[in-house]
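The lines below spell out each chain.
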Amino acid sequence: MTKKIKNKASGPLALVICAVYLLTACGGPKQTDATEAGTAKDTVAAFIVQQDTLHKTVELPAELLPYEYADLYAKVEGFVQEMKVDLGDKVRKGQVLAVIKAPEVNSRFAESEASVSSAKAKWTSSKDNYERLYRASQARTPGIVAPVDLERSRNQMMADSSAYVAAEKQSQAYRDVSGYLHITAPFNGIITARKVNAGAFTGTNTPLLTIQDLHLLRLRAAVPEIYTGAARAAGSIDFRVDAYPLERFAAKLTRKSGAIDPATRTELWEFEVPNSEGKLKAGAFAYVKIALQRDMPSVIVPATAITTTQERKFVIRVRQDKAEWVDIRQGLTTDKGTEIFAGIQPGDTLLMKATDERKPGSTAFWKVNK
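The sections below set out a description of the structure shown in this document. Starting afresh in each chain, residues are numbered from 1 along the sequence in its written order. In view of the model being predicted, local features appear only for residues whose pLDDT reaches at least 70, and side-chain atom pairs are presented and counted only at 80 or more, with totals across whole chains, interfaces and linings using the full set of residues. Only hydrogens and water are removed before side-chain values are computed, so all heavy atoms of the structure are retained for them.

## A short note on the packing of aromatic side chains
- Between rings of Phe, Tyr and Trp, where Trp is taken as its six-membered ring, a pair exists when centres lie within 6.5 Å; planes separated by under 30 degrees are stacked, by over 60 edge-to-face, and by other angles tilted. Going through the model one piece at a time under the given rule, you end up with six aromatic pairs.
- Connected via pairs of aromatic rings, a cluster forms that spans Phe-239, Tyr-244 and Phe-249.
- Counted as over-ring charges are cases with an Arg CZ or a Lys NZ within 6 Å of the ring centre that also lie within 35 degrees of the ring normal. One residue, Arg-218, lies across the ring of Tyr-67, its end atom 4.3 Å from the ring centre.
- Stacked on the ring of Phe-314, the Lys or Arg Arg-312 has its end atom at 5.5 Å from the ring centre.

## Digging into the pairing of strand 19 (residues 338-342)
- Paired strands, as defined in this entry, are two strands with at least two bridges between them according to DSSP. Secondary structure elements follow DSSP: runs of H or I of four or more residues count as helices, runs of E of two or more count as strands, with numbering from the N terminus. Where strand 15 (residues 298-301) lies against strand 19, three bridges are found, and the strand directions are antiparallel. Note that in strand 19 the partner of Val-301 across the bridge is Thr-338.
- Sheet topology places strand 18 (residues 322-333) next to strand 19; four bridges connect them, and they run antiparallel. Residue pairing for strand 19: Gln-330 is matched across the bridge by Ile-340.
- In this antiparallel pair of consecutive strands, strand 18 and strand 19, the connection spans four residues, and Gly-337 shows a positive phi of 150°.

## Quick notes on the sheet that holds strand 4 (residues 78-83)
- Read from one edge to the other, the open sheet built from four strands follows the order 7-6-4-9, with strand pairing classed as antiparallel. Either end of the sheet is taken by a strand with one partner, and the two such strands are strand 7 (182-184) and strand 9 (201-202).

## A word on the side chain of Asp-160
- Considering the arrangement of structural elements, one finds Asp-160 in helix 3 (residues 147-179).
- Per-residue accessibility, obtained with a 1.4 Å probe over protein chains only, is compared with the maximum for each type, and a residue is labelled buried under 20%, exposed over 50%, and partly exposed between these values. By the counting scheme adopted, Arg and Lys are positive, Glu and Asp are negative, and His together with the chain ends is not counted. One speaks of a salt bridge when a side-chain nitrogen belonging to Lys or Arg is within 4 Å of a carboxyl oxygen belonging to Asp or Glu. Of the side chains with opposite charge, Lys-122 comes closest to the buried, unpaired Asp-160, at an N-O distance of 4.5 Å.

Remember that the coordinates give geometry; whether it matters functionally is a separate question.
Right under this line is the structure:
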């Protein structure tokens, strides 16, 4: 009886053992697969850094200005007696452009001329008197002229001489003021504005005419600070204007401001443009092409190789098969990519697409594109 009971109990026990074995056998491969999936490496595109000479051409806005420009004012108050020129007239240096009528100025000038004549007559008389007394004092007969009288006549002559010089200076000043009644051209140019007509009252705050020298124009362009170290515009450059969209004009760099404007972070460059035919107009906007080139080779990388966070700007370098963040400074952007300055050397391996999700020290299958 006992033997039969044992045989009956051994059957379920064997089934349990077989089930546990089967579960263990089935679970083993799944755990192994999960482990292998957790350690599998993803494929990341990378490239080898190379040096290249930076070449770039940028087009910057500019403005055409007259070579010389002046608003002409009357230096004395008065009425415009005559306007001798009009809008668009070509004038020569020294040419009379307008005449101002101011009778009080002419009166003061005539009065000053009379004062000069009077002062000169007094000085001539006192000089003659002194010279007579001086010759008499040199005679052999002593006591003819008292020394005090000779000294008094000499002092009178000196005083009259000073008065005469002062009258001449004052007369010259009035003569200059009367010359202001004739407005003349300060240089060869064109009348580009006429503000008053004959008969109008004018003063020192009212411009009469505007004259511009347009045979040679100034082309001014504000070059951004980042371009000033690489710009190579020492010779002639090309520019265009909206008035002639199919034509390009030449200009020559003549001067630079030599300083960065803190308001715009630009340096002012000035070019000269011959305009003897008068085709180009002062005040027009232009677009200047400036060539850029570094003096030494640069490291240029694709724009996707640079990533920016709130704290830093960096590229990801592969060193000893591990990712490494390298901080950079960004330079110029060209068709080939973006110029960077950092501890990156030719031959280094960088990720083609940088992201802050790729943590330092992480590994992957680095697929280098050639």
